[in-house]
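Coordinate inspection notes
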Amino acid sequence: MTIDSHQHLWRIGQNGHEWPTPDLDAIYRDFVPDDLAAACEGLDITGTVLVQSQPSDADTDWMLAVAAATPMILGVVGWVDLAAPDAPQRIARLAQQPKLKGLRPMLQGLAQDDWILRDDVQPALEAMNAHGLTFDALVYTRHLPFIDRLARRYPDLRLVIDHGAKPPLGDPEGMKRWREEMAAVAQNLNVTCKLSGLLTEMADGQSEDILVPCADHLLATFGADRLMWGSDWPVVLLKDSYRHWHDWTVRWLDGKPKTAQTAILGETAHRFYKL
């Protein structure tokens, strides 16, 4: 079983589209289920989790409609304005959709690093917790102390850190802090991590060997039962193909216990998202 725990779809100019922007030639076009099927061809992908890419209710509604018609998409991580007064009601309605598994506020782009701890956001978080929804944390290193506090405040809320919190590859001091903060947040057993997005964090000219210590650190701190593979397709196309990242992961896993391989490639995502 191989589950891609993190992929996107979008239509340029529709459903609240804001990103990608025209300067990103490789991904500035529509990506729909047929494109996903083509990208996964020959890789025996059991299913995927479709994650929001736009801060828009329209995007979430569209993703749920697409997922309902696409058996390969096993779950959806949508978006809600968590600070809106009616957020708990919106969350309650969305939770009735069988493929809606979680929500993702786009924390990396917000002005306040501790935005998720604001008083006006807590009713929405309580609603997510009450309805058994997961929380995808799109963050950088600087956000991790606040994710740690969030995890402690809501010990029953299942959180997952997207893209390994986007390690600052090639910055020794930044990587030191990243390792320390990731190790600290991993002490919370309700926090899981995605082995995704690392490829696109590489600077031009960097060797992919730089990714190995990152992946090793994530495995050492979270363990295989709290680490899941994701493609971050089509964003990964900014660096290489879906197959390239999949094959890199398989090579990295070679020689590790079979139980670790099966957990990272599918079982962790299956359990976390209740697919």
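Just above sits the structure.
My aim in this report is to walk through the structure given alongside it, one point at a time.

The rules we used
Residues numbered from 1 in each chain as written. Predicted model: local features only at pLDDT ≥ 70, side-chain atom pairs only at ≥ 80, totals over all residues. Heavy atoms only, no water. Pairing = 2+ DSSP bridges. Helix = DSSP H or I, 4+ residues; strand = E, 2+ residues; numbered from the N terminus. Axes fitted to C-alpha atoms, helices over the stretch in contact; angles between N-to-C directions. Contact = heavy atoms within 4.5 Å. Buried < 20%, exposed > 50% of the residue type's maximum accessible area, 1.4 Å probe, protein only. Right-handed = clockwise from strand over helix to strand, strands pointing away.

**Regarding the sheet that holds strand E2 (residues 47-51)**
An order of E1-E2-E3-E4-E5-E6-E7-E8 is seen for the 8 strands of this open sheet, with the pairing classed as parallel. In this open sheet, the two strands that pair with only one neighbour each are strand E1 (3-7) and strand E8 (227-229). For this sheet, the mean angle separating the axes of adjacent strands, direction not counted, is 30°. Where strand E5 (residues 134-137) and strand E6 (residues 159-161) come together, 3 bridges link them in parallel fashion. Bridged to Ala-137 within E6 is Ile-161. Lying on the sheet, helix H5 (residues 144-153) is in contact with E5, E6 and strand E7 (191-195); it crosses E6 at an angle near 165°. Along the sheet, helix H8 (residues 242-253) makes contact with E1, E7 and E8, crossing E8 at roughly 140°.

**As for the pairing of E7**
Of all 5 residues making up E7, 5 are buried, and the element is well covered by its neighbours. Residues Val-191, Cys-193 and Leu-195 point to one face of E7 and Thr-192 and Lys-194 to the other, with burial holding for every one of them. In the sheet, E6 pairs with E7 via 3 bridges, with the strands oriented parallel. By the bridge assignment, Leu-159 is partnered in E7 with Val-191. Where the polypeptide runs from E6 across helix H6 (residues 172-185) and back to E7, its parallel neighbour, the crossover connection is right-handed. With 3 bridges joining them, E7 and E8 adopt parallel strand pairing. Considered in E8, the bridge of Lys-194 is made with Met-228.

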